[in-house]
Amino acid sequence: MGDALDQDLVSDLPQSIIESILTRLPIRDAVRTSILSSKWRYKWASITQLVFDEKCVTLCNDRDLVEKSLIDFITRALFLHKGPIHKFQLSTTYLQCCPDIDQWILFLSRNDIKELVLELGEGEWFRVPACLFYCKRLTRLDLFRCELDPPLTFKGFLCLKSLTLHQVLVAPDVIESLISGCPLLENLSISYFDSLALNIKAPNLKFLFLEGEFKDISLENTPLLVAMSVAMYMTEDIAEHFEQSSSCNFVKFLGGVPRLERLIGHIYFTKYLSIGYDLGNLLITYNYLKVIELNQVSFEDMKEIYVVLRLIMSSPNLGELQISGSSNALVALEAPDLDLWEKQSLLNCTFEKLKLVKMTDMSGVPHEMEFVKFLLSRSPVLETMSIAPCVYVMDGRLNMLIELVRFRRASPRGEIVFIQE
Amino acid sequence: MSDGVMAVVKPEMKSYIWLQTADGSIQQVEEEVAMFCPMICREVIAGMGSSKNYAISLPQRVNPAILGLILDYCRFHQVPGHSNKERKTYDEKFIRMDTKKLCELTSAADSLQLKPLVDLTSRALARIIEGKTPEEIRETFHLPDDLTEEEKLEPLRNITDDPRIRLLNRLYARKRKELKEREKLKNVEVEEERVDERSVEDLLTFINGGDGESKGVRSNKSKKKNRRRKDHLKNSSNDINGNHNKELDALSPPFHDGEDSKASPSRTSKLQDSTTVSFSTKLEFDDVDIDDDLDPAMKEELDREVEDFARRLNSDWPERMQEILSLGQERRLVSMSMNGNGSRRYNKYPAAALSGLERC
């Protein structure tokens with residue numbers, strides 16, 4: 001056995017394990033292992049995942065210098081590397097548009113690249129070279145601050161499962177055909193687009209993340225969607241567009257996602273859904289929907305209240321509901337249509353699975369309070385109803401509390417948590 | 001919900017299988033625990049392990065002690081109902097062991113195809129390596145330090161555009177050349193006994209040399225050069241060195257007369273810092289490509305320094321990079337002095353050589 005203490009055990013581990021160790025190190029540490037001993041000389045050179053960021057070099061105030069040493073580091077590391085590179089990630093604000101990246105991508109395109117992440121800095125955006133579109137085996141493509149203009153012959157990435165476009169300059173029709181050209185796409189994330197009208201056809205899509213000033217989004221063919229998070233910003237233009245819109249956004253957006261489990265909406269999402277809303281029959285039941293989070297819901301807008309009600313009442317398995325308000329207290333105090341809460345359809349429904357409700361930014365206006373009352377009376381297994389008043393509401397807090405304690409609760413175990421600050 | 005409770009509740013329901021480790025010992029373990037390892041699972045499905053005679057023989061890399069650890073791991077994770085946090089806490093505790101054991105465990109888990117454990121242990125090993133200097137890593141894992149300093153520099157040279165590494169490589173190149181030269185000289189020595197004597201003389205001169213006898217040193221050196229050139233001429237196969245000596249002749253006068261004419265501001269300041277250096281010494285190191293005659297004491301010094309330099313290069317990576325970067329920015333060479341109170345000469349070689357580089 002020899003002197004067990006002095007045995008070099010780590011060097012004799014199978015290459016697959018060594019690689020799995022090296023892959024978990026920052027690349028600078030991984031490259032440095034080549035000076036450990038003769039056995040370690042080229043071990044790092046065949047790791048299949050390369051992640052570069054500015055930690056590869058020592059930072060200083062001279063941007064040009066950092067940029068140059070970063071480029072040198074990456075170029076040389078790629079030269080020293082041998083074998084396939086399945087993942088290449090470059091995340092740094094120090095690099096923007098530079099010809100070296102084109103060369104790296106060309107190199108990668110010949111080395112079996114499967115996952116490519118380019119997260120570049122502001123300034124001049126990097127124009128993705130044509131060779132990228134010939135990486136037929138790509139499964140993941142993340143582009144930050146790039147310009148995307150596929151060649152005419154490009155038909156799509158047949159293996160792509162995850163696509164992220166963040167601040168990417170691309171024509172709307174190109175983005176649409178790119179999405180539909182990736183038949184296996186499961187994960188789509190699009191952010192920072194202006195006035196984008198988009199028709200998403202992705203039969204295998206499971207996760208959708210949208211953020212930006214969208215004009216018109218339609219989920220045309222996304223039957224398998226499991227989770228979505230949408231943040232909608234609104235400009236005057238878009239608001240105007242919404243005014244004139246005649247189609248029902250709720251149906252266009254949520255009409256074809258029967259398998260949805262998790263829905264998160266930010267900013268104007270609820271408002272967006274309320275555009276063109278009609279009080280027709282419910283077309284769809286979200287049997288899998290367990291978590292709904294809607295932010296900045298305006299309880300002064302009856303249409304938005306209808307959207308919320310329609311969503312939760314079509315989700316028989318809902319377990320968790322989070323809503324943050326954005327009521328303009330002055331207007332909402334008047335609150336017409338309070339008889340809504342006496343409607344038979346509301347009195348007939350129960351939330352059999354609802355356990356947790358979080359209401360934040362509450363201003364205590366009538367429709368908000370009615371909504372809380374409604375949930376408390378219709379949720380037999382509710383465990384926690386937490387209520388956090390909006391920071392601007394100071395005087396009304398006591399009144400809110402007084403009202404809250406009067407509400408009947410369907411759940412014997414339910415507690416009300418009133419959160420101050 | 002502890003394991004103890006589980007054991008009490010269903011002792012009879014449990015079925016056992018037989019496992020044999022490479023050392024020949026056979027043990028009986030709970031089937032549902034062992035089945036957590038894909039390799040064992042496959043064997044069981046194939047009908048193995050049901051009796052002592054059909055014990056499943058485990059791969060070489062699994063010894064009884066490690067098997068015990070692995071089964072502990074499986075026993076915990078095979079029980080449903082642990083929260084993610086509980087699992088994480090267990091894992092954190094589980095991998096608290098010395099690196100030797102951790103390596104054995106990784107290897108054994110790999111041979112049993114127990115991927116979650118391989119991931120866990122690789123992550124632990126990576127955490128041990130991360131941020132450590134090569135020396136520390138070697139010490140931790142008992143790695144042999146079997147690369148030459150030059151080999152160690154090679155990847156660094158390729159990865160970083162470090163002027164000091166270029167310098168070191170030049171120094172190495174010169175060292176190599178020097179060794180060749182010595183070989184050649186040795187051959188000559190067979191005929192000319194005096195050669196060795198002279199180098200001893202040089203050595204003595206050098207040792208006494210610091211106290212302002214620069215003239216004497218210089219003359220001695222040039223004498224040596226002349227002799228050496230003769231040697232080169234004799235040794236007609238060596239064209240390169242002949243050329244170098246010609247170059248040397250062409251280049252040496254300015255150095256002898258006054259280096260100010262060539263000195264950049266930073267160099268001048270450097271020289272002022274180091275007034276006690278004899279010019280001849282400077283000449284020796286000013287242009288690495290040209291001079292190739294070093295006396296043994298200096299060579300030894302140089303070797304030592306190169307090694308030390310390399311060691312520093314390897315050890316204090318981040319600080320060094322910082323130095324390099326500031327160096328690149330300001331073109332100052334002050335940071336080259338490696339330890340403040342070290343011998344003066346110690347500082348001078350790289351400074352002089354670097355200023356040579358700067359000119360390039």
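Keep in mind that what you see is a predicted model, and the values were worked out from it rather than measured. (Residues numbered from 1 in each chain as written. Chains lettered and ligands numbered in written order. Predicted model: local features only at pLDDT ≥ 70, side-chain atom pairs only at ≥ 80, totals over all residues.)

(A) Inspection of the overall build of chain B at higher detail. Each helix and strand counted, chain B has 18 helices and three strands in total. For chain B, the proportion of its 360 residues judged to be buried stands at 29%. A fraction of 67% describes how many contacts in chain B between residues 6 or more apart in sequence connect residues 24 or more apart. (Helix = DSSP H or I, 4+ residues; strand = E, 2+ residues; numbered from the N terminus. Buried ≥ 20, exposed ≤ 12 C-beta atoms within 10 Å, placed from the backbone. Contact = placed C-beta atoms within 7 Å.)

(B) A look at the overall build of chain A. Along chain A, the regular secondary structure elements total 13 helices and 16 strands. Here chain A, with 421 residues, has 36% of them falling under the buried criterion. Restricting the contact set of chain A to residue pairs at least 6 apart, pairs at least 24 apart contribute 67%.

(C) Structural context of the UniProt feature "domain: F-box" (unreviewed entry) in chain A. Those residues carrying the UniProt feature "domain: F-box" (unreviewed entry) are residues 7-41 of chain A in this numbering. With 43% helix and 0% strand, the stretch residues 7-41 of chain A has end C-alpha atoms that lie 19 Å from each other. (UniProt positions renumbered as here; feature names shortened; annotations may be inferred.)

(D) Main features of helix H4 (residues 99-109) of chain A. Residues and elements named next belong to chain A. Those residues of H4 lying buried are Ile101, Trp104, Ile105, Leu108 and Ser109. Summarising the axial view, the buried residues of H4 lie within an arc of 135 degrees, below the 170-degree limit, and thus occupy one face. Buried residues belonging to H4 abut helix H3 (63-80), strand S2 (87-91), strand S3 (115-119) and strand S4 (126-127). (Arc of directions from axis to C-beta.)

(E) Main features of the environment of Thr75(A). Among the secondary structure elements, Thr75(A) is positioned in helix H3. Separated by 28 residues in sequence, Thr75(A) and Gln103(A) place their C-alpha atoms 8.9 Å apart.

(F) Broad picture of helix H9 (residues 302-313) of chain A. Residue and element names in this part refer to chain A. With twelve residues, H9 should reach 16 Å at 1.5 Å per residue; the first-to-last C-alpha distance of 16 Å fits that figure. Along H9, the positions that sit buried rather than exposed are Glu304, Ile305, Val307, Val308, Leu311 and Ile312. Along H9, the residues classed as buried sweep out an arc of 155 degrees about the axis, all on the same side. (Expected span 1.5 Å × (residues − 1).)

(G) Focus on the sheet that holds strand S1 (residues 16-20) of chain B. Taken together, the three strands give an open sheet; going across it, the order is S2-S1-S3 (chain B), and neighbouring strands pair in mixed fashion. Strands at the two margins of the open sheet, each flanked by one partner only, are strand S2 (26-30) and strand S3 (56-57) of chain B. (Pairing = 2+ DSSP bridges.)

(H) Quick peek at the packing of helix H6 (residues 99-111) of chain B against helix H7 (residues 115-129) of chain B. Residues and elements named next belong to chain B. The N-to-C vectors of H6 and H7 enclose an angle of 150 degrees; their axes lie 9 Å apart at closest approach. Classified by the angle their axes make, H6 and H7 are roughly antiparallel. For the pair H6 and H7, the sense of crossing is left-handed. Listed contacts from H7 to Thr99, Leu102, Leu105, Thr106, Ala109 and Asp110 of H6 are Leu117, Val118, Thr121, Ser122, Ala124, Leu125 and Ile128. Residues of the contact of H6 with H7, tallied by class, amount to eight nonpolar, four polar and one charged. (Axes fitted to C-alpha atoms, helices over the stretch in contact; angles between N-to-C directions. Parallel < 35°, antiparallel > 145°, perpendicular 65-115°, else oblique. Left-handed = near helix turned anticlockwise from the far one by under 90°. Nonpolar A, V, L, I, M, F, W, Y, C, P; charged D, E, K, R; others polar.)

(I) Broad picture of the pairing of strand S12 (residues 291-297) of chain A. Residue and element names in this part refer to chain A. Relative to S12, strand S11 (residues 262-267) is paired through four bridges, and the arrangement is parallel. Its bridge partner being in S12, leucine 263 is matched across the sheet by isoleucine 292. Of the strand pairs in this sheet, S12 and strand S13 (residues 320-325) are connected by five bridges, and their pairing is parallel. Looking across to S13, one finds that leucine 294 is bridged to isoleucine 323. Assessed by its sense of winding, the connection that carries the chain from S12 through H9 to S13 is right-handed. (Right-handed = clockwise from strand over helix to strand, strands pointing away.)

(J) Up close: the environment of Leu36(A). Tracing the sequence through the fold places Leu36(A) in the loop between helix H2 (27-32) and strand S1 (49-53). Here Leu36(A) falls in the buried class, since 26 other C-beta atoms lie within 10 Å of it. Apart from residues no more than four positions distant in its own chain, Leu36(A) is found in contact with Pro134(B), Ile137(B), Arg138(B) and Leu143(B).

(K) Region of the structure containing the confidence of the model for chain B. All names here are of chain B. Summing up the model confidence of chain B, the mean pLDDT is 64 and the portion of residues at 70 or higher is 44%. Low confidence marks residues 192-201, where pLDDT is under 50. Its contacts with residues over four positions away, or in another chain, come to eight contacts. Both scores are available for the predicted complex, with the pTM at 0.69 and the ipTM at 0.73. (pLDDT = per-residue confidence, 0-100.)

(L) How the structure looks around unusual backbone geometry. All names here are of chain A. Positive phi, normally seen in glycine, also occurs at glutamine 167, with a value near 50 degrees. Along the chain, glutamine 167 turns up in the loop between strand S7 (162-166) and helix H5 (172-180). Backbone geometry at aspartate 361 places phi at a positive 55 degrees, although glycine is not the residue there. Residue classification places aspartate 361 among the partly exposed residues on the basis of 19 C-beta atoms within 10 Å.

(M) Expanded view of the pairing of S1(A). Residues and elements named next belong to chain A. Across the two faces of S1 the burial differs, with Leu50 and Phe52 buried and Gln49, Val51 and Asp53 not buried at all. Note: S1 against S2, five bridges, orientation parallel. Counted as the bridge partner of leucine 50 is phenylalanine 88 from S2. One crossover worth recording links S1 to the parallel S2 by way of H3, and it is right-handed.

(N) The environment of Asn63(B), seen in detail. Residue and element names in this part refer to chain B. By the element assignment, asparagine 63 lies in the loop between S3 and helix H4 (64-78). Once the C-alpha coordinates of asparagine 63 and leucine 105 are considered, the two residues, 42 residues apart in sequence, prove to be 9.5 Å apart. Those residues in contact with asparagine 63, other than ones at most four positions away along the chain, are Thr21, Ala22 and Asp23.

(O) Region of the structure containing the packing of helix H1 (residues 15-23) of chain A against H7(B). Interaxial distance between H1(A) and H7(B) falls to 8 Å at its minimum, and their mutual angle equals 55 degrees. For the element pair H1(A) / H7(B), the angle class is oblique. Judged by the sense of rotation from one axis to the other, the crossing of H1(A) with H7(B) is right-handed. Within the contact between the two elements, H1(A) uses Ile17(A), Ser20(A) and Ile21(A) and H7(B) uses Val118(B), Ser122(B), Leu125(B) and Ala126(B). Residues of the contact of H1(A) with H7(B), tallied by class, amount to five nonpolar, two polar and no charged.

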